[in-house]
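# Coordinate analysis (summary)
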Amino acid sequence: VDYLESTGVRFGADLNASTSFDETIYELTVPTDSARLFEKGFQILADWSRALTFDSTELARERNVVIEEWRLGRGASARMRDKQFPVVFSGSRYANRIPIGDKHTLETAPRSQVKRFYDDWYRPDLMAIVAVGDFDKLKVERLIKAQFGSWTVKKPERPRQSFPVPDHDSTLVTIATDSEATRSTVAVYYLQPLRPQKTVGDFREEIVGSLYNDMLNARLQEIAQRPGAPFIGAFSNQGRLIRTKDVYVLTAITPDSGVEAGLRAVVTEGERVAQHGFTATELDRVKRETLRAMESAYAERDKTPSASFVSQYEGAFLEHTAVPSIAQEYTLYQQLVPGIQLSEVNALAHKWLSDRSRVIVVNAPQKAAAALPGEQALRAVLDSAAHVNVAAYTDSVSNAPLVAAPPTPGKI
C-alpha cells in the first residue's frame with residue numbers, strides 16, 4: 001500500500017478489494033505512462049494471488065483491520081439485514097454465511113485455517129485477470145503470462161460447490177426494526193429460477209423485462225406525486241439476487257404508520273397489470289425512450305470509463321454472461337425493440353407475480369414497531385390482492401404544447 005500510494009494510487013479508490021457471497025474481486029488502478037509502475041501492478045496481483053506468507057505479526061494486524069471493518073458495518077441496515085437473510089435465503093447455505101464472516105472466527109481462526117482457505121480457493125482455475133486501459137494489449141497479455149503462466153494447481157483440488165436457494169410454497173415474512181433506522185420500507189421478493197444471459201433471445205427477454213419495469217415504475221411514480229399517496233416512493237425491478245437465484249421485487253417506501261397501506265397499494269398496481277395489462281400508448285412511449293437512451297449511449301461510447309468494461313468482463317467470467325459491444329447492443333436494440341409486442345410484456349405479470357416462493361420484507365424504525373402490521377396481516381394483503389377486481393389504468397397524456405401561445409420575443 002505504501003509503495004502504491006507513493007506512485008499516486010489512492011487506497012480505497014484505486015486500490016481495493018470486495019467480497020460478496022460468491023467471489024472476491026481485487027481492483028488495482030495503475031498509471032500506464034510509466035512502464036515500470038505498470039508492470040509492477042501485475043507483479044502485485046500475482047503476489048496477492050499466490051505468494052502470501054501469512055506472517056504471524058501481519059495476520060494479527062489484519063484481524064484487527066477486518067474486525068474494525070465488521071464493527072463499522074454494524075449499522076441499522078446491517079443489523080436488520082442479519083435478521084432477514086435467514087428468511088430471504090431460507091433453507092440455503094446463504095442464510096447464515098454473511099460475506100464478512102463471524103466475529104468469533106475472525107478473532108480466533110488459527111493461522112493454519114486461514115492458510116488452508118487461501119490454498120483451497122486461490123487457484124488459477126478459479127481466477128481471471130481483467131485488464132482495461134490505454135495500452136498495447138499484446139504486451140499486457142505477455143505480462144500476464146509472465147506472472148501467472150507458470151502457476152500450477154496443487155493437488156488434490158477442493159471442488160467448488162454451487163449452493164441453491166430452494167423454492168417454497170408458503171409466503172415467508174420477516175419484520176426487522178432498529179433504533180437507528182430512518183425510514184420504513186416494505187418489499188415483496190418473488191424468487192425466480194436463474195435466467196441465462198448468453199444468447200440474443202436472452203438479451204431480448206431482458207429488454208422485455210426492462211420495458212415492463214419502466215412502465216410500472218412510471219405508474220408508481222405518478223401515484224407517489226398525488227396528495228395523500230399511500231407511499232413516498234415505490235419501485236419495480238428484476239435481476240440477480242445471488243449466483244444461483246433471480247428475483248423480482250416490488251418495494252414501497254412508506255410513512256411509519258402506513259406499511260400495510262403501502263404494501264396494498266404497490267401489489268394492487270402489480271395486480272392491475274396482471275388483470276388489464278399496459279396500454280399500447282404506454283408501450284409506444286417507453287419504446288421511444290429506450291431507443292433514445294441507447295442512441296445517446298452509443299453516441300457517447302468513446303467516453304465509456306474503463307471501470308464499466310471491467311464490470312462487464314467480471315460478469316462474463318463469474319456469471320457466464322454475454323458481453324456485447326456497445327455497437328452490437330445498439331444494433332440489437334434497433335432490431336429487437338420495434339418488434340416487441342404488448343402481449344408479451346403483459347404476460348410477465350402472470351409469470352413474475354407468483355404466489356410461490358415469495359418473501360415479504362419489512363424494515364422500520366424501532367419507534368414505529370407498535371404500528372407495524374403482523375405477519376398474518378401482511379400475508380392477507382397479498383392473498384386478497386389477487387381476488388380483487390381493479391379498474392384498468394387510463395393513460396391520459398395531453399398532446400397540447402407545453403406553452404400554448406409562445407410570448408413575443410424581447411429585445412437585447
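Everything that follows concerns the structure shown earlier in this document.
Only a predicted model underlies this, so the values are computations on that prediction, with no experimental measurement involved.

Conventions and cut-offs
- Residues numbered from 1 in each chain as written.
- Predicted model: local features only at pLDDT ≥ 70, side-chain atom pairs only at ≥ 80, totals over all residues.
- Heavy atoms only, no water.
- Helix = DSSP H or I, 4+ residues; strand = E, 2+ residues; numbered from the N terminus.
- Buried < 20%, exposed > 50% of the residue type's maximum accessible area, 1.4 Å probe, protein only.
- Contact = heavy atoms within 4.5 Å.
- Areas by Shrake-Rupley, 256 points an atom, 1.4 Å probe, with all protein chains shown as cover.
- Phe/Tyr/Trp six-rings, centres within 6.5 Å; stacked < 30°, edge-to-face > 60°.
- Lys NZ or Arg CZ within 6 Å of the ring centre and 35° of its normal.
- Pairing = 2+ DSSP bridges.
- Axes fitted to C-alpha atoms, helices over the stretch in contact; angles between N-to-C directions.
- Parallel < 35°, antiparallel > 145°, perpendicular 65-115°, else oblique.
- Nonpolar A, V, L, I, M, F, W, Y, C, P; charged D, E, K, R; others polar.

### Concerning the overall build of the chain
Summing up its helical and strand segments, the chain has 14 helices and seven strands in all. Projected onto its principal axes, the C-alpha positions of the chain cover 70 × 60 × 50 Å. When the 412 residues of the chain are sorted by exposure, 36% land in the buried category. Partitioning the contacts of the chain with sequence separation of at least 6, the portion at a separation of at least 24 is 81%. Put simply, the chain shows about 23,900 Å² of open surface, and 52% of that area lies on carbon and sulfur atoms.

### Focus on the packing of aromatic side chains
If you walk through the whole model with that rule in mind, you get 20 aromatic pairs. Seen in terms of ring centroids, Y212 and F278 are 5.3 Å apart; in terms of plane orientation they differ by 85 degrees. Their pairing is edge-to-face. Taken together, the positions of Y212 in helix α8 (residues 200–224) and F278 in the loop between α9 (259–276) and α10 (280–299) put the pair 66 residues apart, joining distant regions of the chain. Given the relative accessible area of 3%, F278 is considered buried. Connected via pairs of aromatic rings, a cluster forms that spans Y26, W48, F54, Y118 and Y122. Sitting over the face of the ring of Y3, K40 holds its NZ or CZ atom 5.8 Å from the ring centroid.

### Details of the sheet that holds strand β4 (residues 184–192)
With mixed pairing, the five strands of this open sheet are ordered in space as β3-β7-β4-β6-β5. In this open sheet, the two strands that pair with only one neighbour each are β3 (171–178) and β5 (233–242). Direction aside, neighbouring strands of the sheet carry axes that sit 20 degrees apart on average. Of the pairings in the sheet, the one linking β4 to strand β6 (residues 245–254) comprises nine bridges and is antiparallel in character. Counted as the bridge partner of S184 is T254 from β6. Contacts from helix α4 (residues 76–88) reach β3, β4, β5 and β7 (358–365) within the one sheet, and its direction differs from that of β3 by about 165 degrees.

### Examining the packing of α8 against helix α13 (residues 342–352)
At a minimum axis distance of 9 Å, the contact between α8 and α13 shows a crossing angle of 85 degrees. Considering the angle they form, α8 stands roughly perpendicular to α13. Contacts between α8 and α13 involve R204, E205, V208, G209, Y212, N213 and M215 from the first element and E344, V345, L348, A349, K351 and W352 from the second. Looking at the contact of α8 with α13 residue by residue, the class counts come to seven nonpolar, two polar and four charged.

Worth remembering: the numbers are spatial, not functional.
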